[in-house]
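Here are the chains, one letter per residue:
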Amino acid sequence: MSEPGSKPFEISKQIVAAAFEKVRSKKGAAGVDGVTVEQFAQDYKNNLYKLWNRMSSGSYFPAPVRMVEIPKDGGHGTRVLGVPTVQDRIAQTVAVAYLEPLVEPVFHPDSYGYRPGRSPLDAVAACRQRCWQYAWVIDLDIQGFFDNLDHDLILKAVAHHTNDPWILLYVARWLKAPLRQADGSVTARDRGSPQGASISPLLANIFMHYAFDTWMAREFPDVPFERFVDDVIVHCVSEQQARRVKDAIASRLAECGGLRLHPDKTRIVYCKNSTRHGRHRQVSFDFLGHTFKPRSAQRKDGTMFTTFTPAISGKAATAIRQQIRRMRFHLRSDLSFSDIAKMINAKAGAWAAYFGRFRPSETARVLFHIDRYLLRWARRKYKHLRRAPRRASRTLAAIKKSRPGLLAHWRWEVRTRTAAVRAG
C-alpha cells in the first residue's frame, strides 16, 4: 500500500524533463489541442509537473491522435500519419526511456530501425555485403503494417519484458487512443499503432522481434536478413529457397494478427553480377532510399565488370530535386550568396552524408541541381552575367575551386575526391 501522499507509480521527474528536450529537438506539428512545441515550452516547468503528476498518479489519459494524410512516394495514394499532442509525445518518450534498455539487449543483431548506435546506412552496408554472398533476395513489403498491428500481441510482447504496471497501462491507452480526422469526426481504433507516435517504432520492433526475428532464427538459422522496422530484405542461395522462405514468412505473419505480404510489392530478386549467369525478370530492389541493381565497375587493372551495388534511388533523387526547386532561391535576387548557403547547407549536407556513401557519383549528379539553380540566381542578380551563361558558369566554377567550404555539398565533393585518390 502506498504511503500517504506518495504516488502509485514511480516515474522520475528528470526523465520527464529529458523526454521534453528530445521532443523539443524534433519539433513536429501540433496535435488535436493545437499546442505547438514552442507554446508548450513557454511554461514548460508547470506543464511538465502536471504531466508527471498525472502519469505518476495513474490519471493520465492521452488525447485523440490527429490524423494527417501525406502523399506516398511516387504520388500513388496517401499515407496516414497520427500526430499525438506534445504532452502525449513527451509521455511516450518517457515510456521509451524506461522500456528501451530492457528490450535492446535481446533484439536481433540484424534489426536496425530506430535503435541506439545503429543507422539505416548500417543496414544498407550489411545488405550490400550479403548481396555479394547470396544470389537471391526476398524484398518484403508488409501491407499496412502500422495500421494492422494486433494490440493484444503487442501488449503480450511488452509484458514479457516489464512488469511495470504504468508502462502496460499507458501503452494500452496509447494503442486505443482514437483518431480525429480533418472534419472533426473521431474514429475508434482496435488495432494498429499510429505512425508519428514517439513510441510506435519501439512497439513495432518489439512486435517484429517475436513475429519475425526470433522466428527466422529458429526456423531458418542459415538465412540472413536486414530489418528496419517493417522494411525487410531476406537473402537466399537459390530461387527455390527464396520461394519456400517467402511462403513460410507469409504464413507466419498471417498467424501474427493477420498481417499480409503485399502481393505486388513483395518480390524475389536476382542479384546479378559478372559471375552469375542465370536470368530472372527482377534484378533490382529499393531499400532505405537506395536502389540495388547490376552496375558497371572498374578494377584497379582497368578491366570492367558488373557488380551488384546500391546507389541513391530514383524516388529519392526525384524528391531531392523537387525540394531544391521548392526553395526557389533562384528567383530571389535580393539574397546574397551567404543567405543561400544558410538556406541550403543543412539539407544539402544531410543528403550528401546519407546518399553519398554508396556510389557517390550518382549522388553528385543529383546535387548538381543546386549548382544549376545557383547559376540561374547569379544571372538574375548580376547584370554582367545575365546574357553570358558561359561566363556565369566559369565564375561559379572559380568560386567553387577557391572556396569549396562555402556550400555543404561542395565540401562533400572535395572529401569524396580526396578519399578516392587515397584509395588508389
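Residues numbered from 1 in each chain as written. Predicted model: local features only at pLDDT ≥ 70, side-chain atom pairs only at ≥ 80, totals over all residues. Heavy atoms only, no water.

Enquirer: Break down a positive patch on the surface for me, citing the residues and quoting the values.
Expert: On the surface, a cluster of positive charge is contributed by R372, R376, R380, K383, R386 and R387. When contributions to the positive patch are tallied by element, the ones reaching two or more residues are helix 12 (360-381) and helix 13 (383-386). If you tally residues by element for the positive patch, the top one is helix 12, at three residues. Checked against the element boundaries, R372 lands in helix 12. (Patch = residues over 30% accessible without salt bridge, like charges linked within 9 Å, V, L, I, M, F, W, Y side chains within 5 Å. Areas by Shrake-Rupley, 256 points an atom, 1.4 Å probe, with all protein chains shown as cover. Salt bridge = Lys/Arg side-chain N within 4 Å of Asp/Glu carboxyl O. Lys, Arg positive; Asp, Glu negative; His and termini not counted. Charge placed at Lys NZ, Arg CZ, Asp CG, Glu CD. Helix = DSSP H or I, 4+ residues; strand = E, 2+ residues; numbered from the N terminus.)

Enquirer: Outline the environment of A392, listing residues and values.
Expert: Within the secondary structure, A392 sits in helix 14 (residues 389-402). With relative accessibility at 2%, the residue A392 sits in the buried group. A392 sits 215 residues away from A177 along the chain, and the two C-alpha atoms are 57 Å apart. (Buried < 20%, exposed > 50% of the residue type's maximum accessible area, 1.4 Å probe, protein only.)

Enquirer: Account for the sheet that holds strand 3 (residues 136-141), with residues named and values stated.
Expert: Overall, antiparallel pairing links the four strands, which are arranged 6-7-3-8 in an open sheet. Strands at the two margins of the open sheet, each flanked by one partner only, are strand 6 (225-228) and strand 8 (267-270). For this sheet the average axis-to-axis angle between neighbouring strands, irrespective of direction, equals 15 degrees. In terms of strand pairing, strand 3 meets strand 8 through four bridges, oriented antiparallel. (Pairing = 2+ DSSP bridges. Axes fitted to C-alpha atoms, helices over the stretch in contact; angles between N-to-C directions.)

Enquirer: Any details on helix 12? Residues and values, ideally.
Expert: Taking 1.5 Å as the rise per residue, helix 12 with 22 residues should run 32 Å; its terminal C-alpha atoms sit 31 Å apart, in good agreement. For helix 12, the complete set of buried residues consists of T363, V366, L367, H369, I370, D371, Y373, L374, W377 and A378. (Expected span 1.5 Å × (residues − 1).)

Enquirer: How would you explain the side chain of D88 if you had to name every residue and give the values?
Expert: Looking at the element boundaries, D88 is found in helix 4 (residues 86-103). Buried charge without a salt bridge: D88, with R54 as the nearest opposite-charge side chain at an N-O distance of 7.1 Å. Once you skip the residues sitting within four places of it in the chain, D88 turns out to touch Y60, P62, A63 and W174. (Contact = heavy atoms within 4.5 Å.)

Enquirer: Give a description of the sheet that holds strand 9 (residues 285-287) that names residues and reports values.
Expert: One open sheet holds the three strands; their spatial order is 9-10-11, and the pairing between them is antiparallel. Edge positions in the open sheet fall to strand 9 and strand 11 (304-312), since each of these has one partner strand only. Ignoring strand direction, the axes of neighbouring strands in this sheet form an average angle of 50 degrees. As paired strands, strand 9 and strand 10 (residues 290-298) are joined by three bridges and run antiparallel to one another. Across the sheet, D286 pairs through a bridge with T291, a residue of strand 10.

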